[in-house]
Amino acid sequence: MFGIVGGLLLGFSAMAGELPKKKADCFAAREYITTLGFLREHKDFQIKEDDARKLSDQVSLGCTGAAQRFIKVTNLLVKSNMGTADALRTAVKFVEADDKTTETFLKVFQTAFLADEYDLDLPSSLRYALALSVQYQGEPEYALADFAKVSEFCLERKGLDLSKPYCAELGVFVARTGMAYPQGAAPSFFELLDFVRSEGGPSRSTAEALNLSKEILGYGPLAVQNFRYGYQFAVSKEGFSQPYGAAMEFAKRLASRSTKEESARGFDFERPSKNGGMQRALGSIPPSSNSEKE
C-alpha cells in the first residue's frame with residue numbers, strides 16, 4: 001500500500017514542477033487566407049499558385065498578425081524598388097516576430113531610405129533596419145527610441161557638420177549598444193558626449209568626443225560614471241594632479257572594468273584529499289615529504 005501511495009506522491013511531485021507551456025491562440029486559417037489573397041491579387045509579383053500556397057502556409061505558422069506583418073514589409077520594400085523575390089524573402093523574417101519589432105523595422109527603414117531623411121541606398125537602409133529589429137536582442141521600442149534621438153541630435157544640431165551616412169551609422173551603433181542597457185543607451189551617450197566636450201571635462205573637439213564616447217559606451221551602463229569619476233579624480237589635487245593624457249588613460253582603464261564576467265564554476269574547489277591535498281592546491285601549506293607518492 002505504501003509503495004502505491006508513495007509512487008503516486010512522487011509522480012504528483014514531479015508533475016507539480018512541470019507546468020505546461022503557455023500557448024497562444026492563433027487564427028491560422030485567417031493568416032493563410034489573407035496571405036494567399038494578397039499574393040493572388042498582385043499579379044505583378046508573378047508568383048506561381050503552388051509557390052503562393054507554400055508561402056501562405058509558412059506565414060500561417062507565425063500565428064495571429066503574421067499576415068499583416070508580412071504584407072506591410074513586402075509592400076514597403078517593393079515600393080522602394082526592391083525585387084519581388086528579395087522583398088518576399090525579407091518579409092518572411094517577420095512572420096515569427098512581434099508587431100513592435102515589425103514597426104521598428106518599418107520606421108528605421110523609412111528614416112534611412114527616404115530622401116528627406118537620411119537618403120541612403122537600399123542595401124544600407126535594409127541592413128540598418130534589420131539590425132534594429134529582428135537582429136536586435138532587446139526591447140525594439142528602445143532601439144527605435146535610441147535611433148530617433150541620435151538622428152534628431154545629429155541632423156538638427158547646428159555646428160556638428162556631420163554627414164547623413166555618418167549620422168545613420170552613429171544612430172545604429174548607439175541603439176545596438178543599448179542592448180546591454182536597461183532602457184537604451186542614448187541618454188548615457190549624450191551625457192558622456194557633453195562631459196568630454198565640456199571645460200570641466202577633457203574639453204575635446206566634437207570629432208574626438210564622438211569617437212571616445214562610442215568607445216566608452218561599449219563598456220556597459222556604468223562606464224559613463226566610471227569614466228567621469230575616474231577622469232575628475234585623476235586631474236584633481238585630491239587625486240593625482242595628472243595631465244590630460246595620463247588622466248584619460250586612467251579613466252578609460254576604469255571604464256573598461258564596468259562589467260565583470262561571472263565565473264561559470266563559482267566555488268567549485270578541488271575535493272579535499274589525504275594529507276591536505278586541497279590546501280596544497282591552494283598554496284596554503286607546503287607539500288609533505290611523501291607527496292610524490294599520492
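Above this note sits the structure.
Parameters and conventions
- Residues numbered from 1 in each chain as written.
- Predicted model: local features only at pLDDT ≥ 70, side-chain atom pairs only at ≥ 80, totals over all residues.
- Heavy atoms only, no water.
- Helix = DSSP H or I, 4+ residues; strand = E, 2+ residues; numbered from the N terminus.
- Buried < 20%, exposed > 50% of the residue type's maximum accessible area, 1.4 Å probe, protein only.
- Contact = heavy atoms within 4.5 Å.
- Disulfide = S-S within 2.5 Å.
- Axes fitted to C-alpha atoms, helices over the stretch in contact; angles between N-to-C directions.
- Nonpolar A, V, L, I, M, F, W, Y, C, P; charged D, E, K, R; others polar.

Caption draft 1: Expanded view of the side chain of Ser 213. Structurally, the position occupied by Ser 213 is in helix 11 (residues 206–217). According to the relative accessible area criterion, Ser 213 is buried, its value standing at 0%. Apart from residues lying up to four places away in sequence, Ser 213 is in contact with Phe 189, Leu 192 and Leu 193.

Caption draft 2: Region of interest: the state of the cysteines. Tallied over the entire structure, the rule returns two disulfides. Paired by a disulfide, Cys 26 and Cys 63 hold their sulfur atoms 1.8 Å apart. When the S-S torsion is -95 degrees, as for the bridge of Cys 26 with Cys 63, the disulfide is left-handed. Here Cys 26 is found in the loop between helix 1 (2–16) and helix 2 (28–41), whereas its partner Cys 63 is found in the loop between helix 3 (49–60) and helix 4 (66–79), with 37 residues between them in sequence. Judged by its relative accessible area of 42%, Cys 26 is partly exposed. What pairs with Cys 154 in a disulfide is Cys 167, and their sulfur atoms sit 1.9 Å apart. Taking the sign of the torsion about the S-S bond as the criterion, the disulfide between Cys 154 and Cys 167, at about -75 degrees, is left-handed. One end of the pair, Cys 154, is in helix 8 (residues 140–156); the other, Cys 167, is in helix 9 (residues 164–177), with 13 residues separating them in the sequence. By relative accessible area, Cys 154 is classed as buried at 3%. Taking the relative accessible area as the measure of exposure, Cys 167 reaches 0% and is therefore buried.

Caption draft 3: Region of interest: the packing of helix 11 against helix 13 (residues 244–255). Where helix 11 contacts helix 13, the two axes come as close as 10 Å, and the packing angle between them is 30 degrees. Judged by residue contacts, Leu 212, Glu 215 and Ile 216 of helix 11 engage Met 248, Lys 252 and Ala 255 from helix 13. Across the contact of helix 11 with helix 13, the residue classes break down as four nonpolar, no polar and two charged.

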